[in-house]
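Spelled out, the chains give:
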Amino acid sequence: MKARVKARATLVALVPALLFAAVGCSSTEAPATGRSPDPKGSEAGTGGAPGAPAASPAPGGSPPPKTGGTKLERSALAQGDLPGYQISAQGKNPNAPDGQPQADKKACQPLADIMGDKPDPAARETVNRGIGSQKQAGLAVSASVSSYSESDAKALMARLKAAVAACGTGFSATVDKQTGSYREVRATDYRTAGDESVSWTTTAAAQGVSAQVHLVVVREGDTVVRLMALNVAGGQQKVQVPQEVTDKQLEKVGKAG
């Protein structure tokens, strides 16, 4: 059990770093998620167990996401925004390694960065949310909103598009001396609003645990939205960021701006 927990924690740190706060021993257990606030004030988190009703935060459990405050905080999803989903922000997974994944191929580093603690080193501020589906068992989504200069935001999108094209055969990434792999990076069609977007799938594997991951990154002016989804109930199941999650997140970005 401990070995499986450690393996899933490594996968979480490499796949997306923001998805879980606790890792269950059963492949059908949907853990809650989280990362600690980064030095720039980001909050990370994730939804509670998909398929279960939303619960009030218990002492030491997942606090509700902040609302109000900065433009970025107003842009972030909050509990109640999406019927059928639990949205949270909470502390770091104690089993997960720290830091940004480092890719073994320079061309693939933008893809490793986007799945780490921060979506990109140039981000001025990032607010993270975790989303657990109560409609589809095992589906977990990590959503983040980051502010940039507009030129940095455009440069990030260009780097991601180039990396997706260059890294189809996959790459490895290491964080805190633990290594995982991303296989079969494939660009996917996905409808979004915003000024520009890029979407791709990959299969992440670490210490014998694997999961399909779907990522969507959207730029709206100087704001970048990052959405990552995987199904914790079965690593080989195809997964997609729900369209309603993307639409609501971009709607909130537009209203906050």
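Quick caveat: nothing in here was measured; it's all calculated off a predicted structure.

**Re helix H5 (residues 243–256)**
Taking 1.5 Å of rise per residue, 14 residues should cover 20 Å, and H5 covers 20 Å from first to last C-alpha, within 8% of that figure. All of the buried residues in H5 are Val245, Thr246, Gln249, Leu250, Lys252, Val253 and Ala256. For H5, the buried positions fall inside an angular range of 155° around the axis, keeping them on one side. For H5, the secondary structure elements touched by its buried residues are helix H2 (71–75), strand S1 (85–88), strand S3 (125–133), strand S4 (139–147), strand S8 (209–220) and strand S9 (223–231).

**Here's the deal with the environment of Lys71**
Within the element layout of this structure, Lys71 appears in helix H2. With residues up to four places along the chain from it excluded, the contact list for Lys71 reads Asp222, Thr223, Ala256 and Gly257.

**What to know about the pattern of salt bridges**
For the coordinates displayed, the defined rule picks out 11 salt bridges. The salt bridge involving Lys252 is made with Asp81; its shortest N-O contact spans 2.8 Å. Highlighted residues: Lys252 in helix H5 and Asp81 in the loop between H2 and S1, separated in sequence by 171 residues. Take Lys252: its relative accessible area is 17%, and that puts it in the buried class.

**Quick look at the state of the cysteines**
Inspection of every chain in the model, using the stated rule, returns 1 disulfide. At a sulfur-sulfur separation of 2.0 Å, the disulfide partner of Cys108 is Cys167. Here Cys108 and Cys167 share a disulfide; its torsion about the S-S bond, -115°, makes the bridge left-handed. Here Cys167 lies in the loop between helix H4 (150–166) and strand S5 (171–175) and Cys108 lies in the loop between strand S2 (102–103) and helix H3 (109–114), a separation of 59 residues in the sequence. Assigned by exposure class, Cys108 and Cys167 land together as buried.

**Re the pairing of S4**
A large share of S4 lies buried, amounting to 9 of its 9 residues. Going residue by residue along S4, you find Leu139, Val141, Ala143, Val145 and Ser147 tucked away on one face and Ala140, Ser142, Ser144 and Ser146 tucked away on the opposite face as well. Sheet topology places S3 next to S4; 8 bridges connect them, and they run antiparallel. Bridge pairing in S4 links Arg129 to Ala143.

**As for the environment of Val232**
Take Val232: it is sitting in the loop between S9 and H5. Through-space distance from the C-alpha of Val232 to that of Gln212 is 9.3 Å; in sequence the pair is 20 residues apart.

**A closer look at H4**
The terminal C-alpha atoms of H4, which comprises 17 residues, lie 24 Å apart, in line with the 24 Å expected from a rise of 1.5 Å per residue. Of the surrounding secondary structure, the elements contacted by the buried residues of H4 are H3, strand S6 (178–187), strand S7 (196–206), S8 and S9.

**Details of the nonpolar core**
Core analysis: the biggest nonpolar cluster contains 30 residues, and Leu111, Leu160, Phe171, Trp200 and Val217 have the highest contact counts within it. Where this core is concerned, the elements lending two or more residues are H3, H4, S5, S6, S7, S8 and S9. The leading source of residues in this core is H4, at 6 residues. Sequence-distant contacts of Phe171, that is, excluding residues within four places in its chain, are made with Ala103, Asp104, Lys105, Cys108, Leu111, Ala112, Gly180, Ser181, Tyr182 and Val185.

**Brief notes about the environment of Ala158**
In this structure, Ala158 sits in helix H4. Ala158 sits in the partly exposed class, given a relative accessible area of 47%. Put simply, Ala158 and Val198 are 40 residues apart on the chain and 9.3 Å apart in space, counted from C-alpha to C-alpha.

**Structural notes on the pairing of S6**
Pairing of S5 with S6, which is carried by 5 bridges, proceeds in the antiparallel orientation. When the bridges of S6 are listed, Phe171 appears paired with Tyr182. Connecting S5 to the next strand, S6, in antiparallel fashion are 2 residues, including Asp176 with a positive phi near 50°. Direction of pairing for S6 relative to S7: antiparallel, over a ladder of 5 bridges. Bridging from a neighbouring strand, Ser181 pairs with Ala205 of S7.

**Notes on the side chain of Thr202**
Looking at where Thr202 falls in the secondary structure, it is placed in strand S7. On the basis of relative accessible area, Thr202 is assigned to the buried category, the value being 3%. Of the polar contacts made by the side chain of Thr202, one reaches the backbone oxygen of Arg183; its length is 2.9 Å. Thr202 has contacts with Tyr182, Arg183, Glu184, Val185, Ala211, Gln212, Val213 and Leu215, leaving out every residue within four places of it along the chain.

Cut-off values and rules
- Residues numbered from 1 in each chain as written.
- Predicted model: local features only at pLDDT ≥ 70, side-chain atom pairs only at ≥ 80, totals over all residues.
- Heavy atoms only, no water.
- Helix = DSSP H or I, 4+ residues; strand = E, 2+ residues; numbered from the N terminus.
- Expected span 1.5 Å × (residues − 1).
- Buried < 20%, exposed > 50% of the residue type's maximum accessible area, 1.4 Å probe, protein only.
- Arc of directions from axis to C-beta.
- Contact = heavy atoms within 4.5 Å.
- Salt bridge = Lys/Arg side-chain N within 4 Å of Asp/Glu carboxyl O.
- Disulfide = S-S within 2.5 Å.
- Pairing = 2+ DSSP bridges.
- Core = buried A, V, L, I, M, F, W, Y, C linked by side-chain atoms within 4.5 Å.
- Polar contact = N/O pair within 3.5 Å; in protein donor to acceptor, adjacent residues only side chain to side chain.

These values are about where atoms sit, not about what they do.
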